[in-house]
Amino acid sequence: MAAAVALAALSGCVETRQVADLQFAPPSGNYKLLVLRPDVTVGSLTTGGMVQPRADWTDQARTYISEALRAQQATRGGNLTIIEHRNALPGIAEQELADVERLNFAVDQSIVDAEYLGNSLPTKRRHGLEWTLGQDAVELGQKTGYDYALFMHAEDEVASGGRVALGVLGLAGCFVGFCAPNVGGQQQLDYASLVDLRTGKVVWFNVVVAGSQVPGIKFGDLRTREGAAQMVERLLGRMKPGRSVREQQRQARPAG
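Residues numbered from 1 in each chain as written. Predicted model: local features only at pLDDT ≥ 70, side-chain atom pairs only at ≥ 80, totals over all residues. Heavy atoms only, no water.

A. View of the overall build of the chain. When its secondary structure is counted, the chain shows seven helices and nine strands. For the chain, the proportion of its 256 residues judged to be buried stands at 43%. Just so you have it, the chain exposes about 13100 Å², and 54% of that area is on carbon and sulfur atoms. (Helix = DSSP H or I, 4+ residues; strand = E, 2+ residues; numbered from the N terminus. Buried < 20%, exposed > 50% of the residue type's maximum accessible area, 1.4 Å probe, protein only. Areas by Shrake-Rupley, 256 points an atom, 1.4 Å probe, with all protein chains shown as cover.)

B. Molecular detail of the side chain of D108. As for its placement among the helices and strands, D108 is situated in helix α3 (residues 94-116). Buried within the structure, D108 lacks any salt-bridge partner; R86 is the closest side chain of opposite charge, at an N-O distance of 13 Å. In contact with D108, other than residues within four places in its own chain, are F151, Y191, S193 and F205. (Lys, Arg positive; Asp, Glu negative; His and termini not counted. Salt bridge = Lys/Arg side-chain N within 4 Å of Asp/Glu carboxyl O. Contact = heavy atoms within 4.5 Å.)

C. Highlighting the environment of T75. If you trace the backbone, T75 turns up in the loop between α2 (55-74) and β5 (79-83). Given a relative accessible area of 66%, T75 falls into the exposed group.

D. Representation of the packing of aromatic side chains. Under the criterion given, the structure shown has two aromatic pairs. Pairing Y31 with Y148 gives two aromatic rings, centres 6.4 Å apart and planes at 85 degrees, and the pair type is edge-to-face. Of this pair, Y31 sits in the loop between β1 (12-20) and β2 (32-36) while Y148 sits in strand β7 (residues 148-159), and the two are 117 residues apart along the sequence. A single burial state applies to Y31 and to Y148, both of which are buried. Judged by centre distance (5.7 Å) and plane angle (25 degrees), the ring pair of Y191 and F205 falls under stacked. Here F205 lies in strand β9 (residues 201-212) and Y191 lies in strand β8 (residues 187-196), a separation of 14 residues in the sequence. With relative accessibility at 0%, the residue F205 sits in the buried group. The lysine or arginine in question, R54, covers the ring of W57, its NZ or CZ lying 4.0 Å from the ring centre. Taking the ring centre of W57 as reference, the NZ or CZ of R223 above it sits at 4.5 Å. (Phe/Tyr/Trp six-rings, centres within 6.5 Å; stacked < 30°, edge-to-face > 60°. Lys NZ or Arg CZ within 6 Å of the ring centre and 35° of its normal.)

In structure tokens:
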């Protein structure tokens, strides 16, 4: 039994769940996609369970995430632009872009609350995404000529040596018949929202949560090219159409 508990503690999980506008079809062809500067935080998980942000790790992760985005989108035929600084978008004032980013952040938090934490209204169930950035997003699209805007958020924790040692010590106790309380492992939270700049609507949203029970077991370390590419693929690699589009596709298939 002790060995089974130890093996279970070593296991981790990766969960992902997409939601989309009922009529959403993944972009294809010669579309223009604007990616706002990815919101990234990478920190050190201390022995006591606190997360201390690391600017050097964060900058490294953001660079690799942007590289992975460019590589992935290059295979889809779209025209991709990643904005690293708010003054880098011609014809758009920094404050205007900042306002759109802040509005999107608030909307994304509402989507997480309603769609993933179970706080949706009964009248909204099975209606797909019904969120919008409104006229601000439409004006951004009109001024820049982009069809879509993609917003990304990523949080990653890297266990310190003390945190790893504490977790290993607790796990070792399982082999002698006494399991210490689990100190908890590392977590990675990523989400992305796709906004149609012709309507202002959030048409697609995805959340990826990766975690382990024991500190030191990692899933896609964002400080590495491989880890960043893995995260981008999990988050954006398999965009599903909205429910109405999927139903139309099923009906269009020849009877087999």
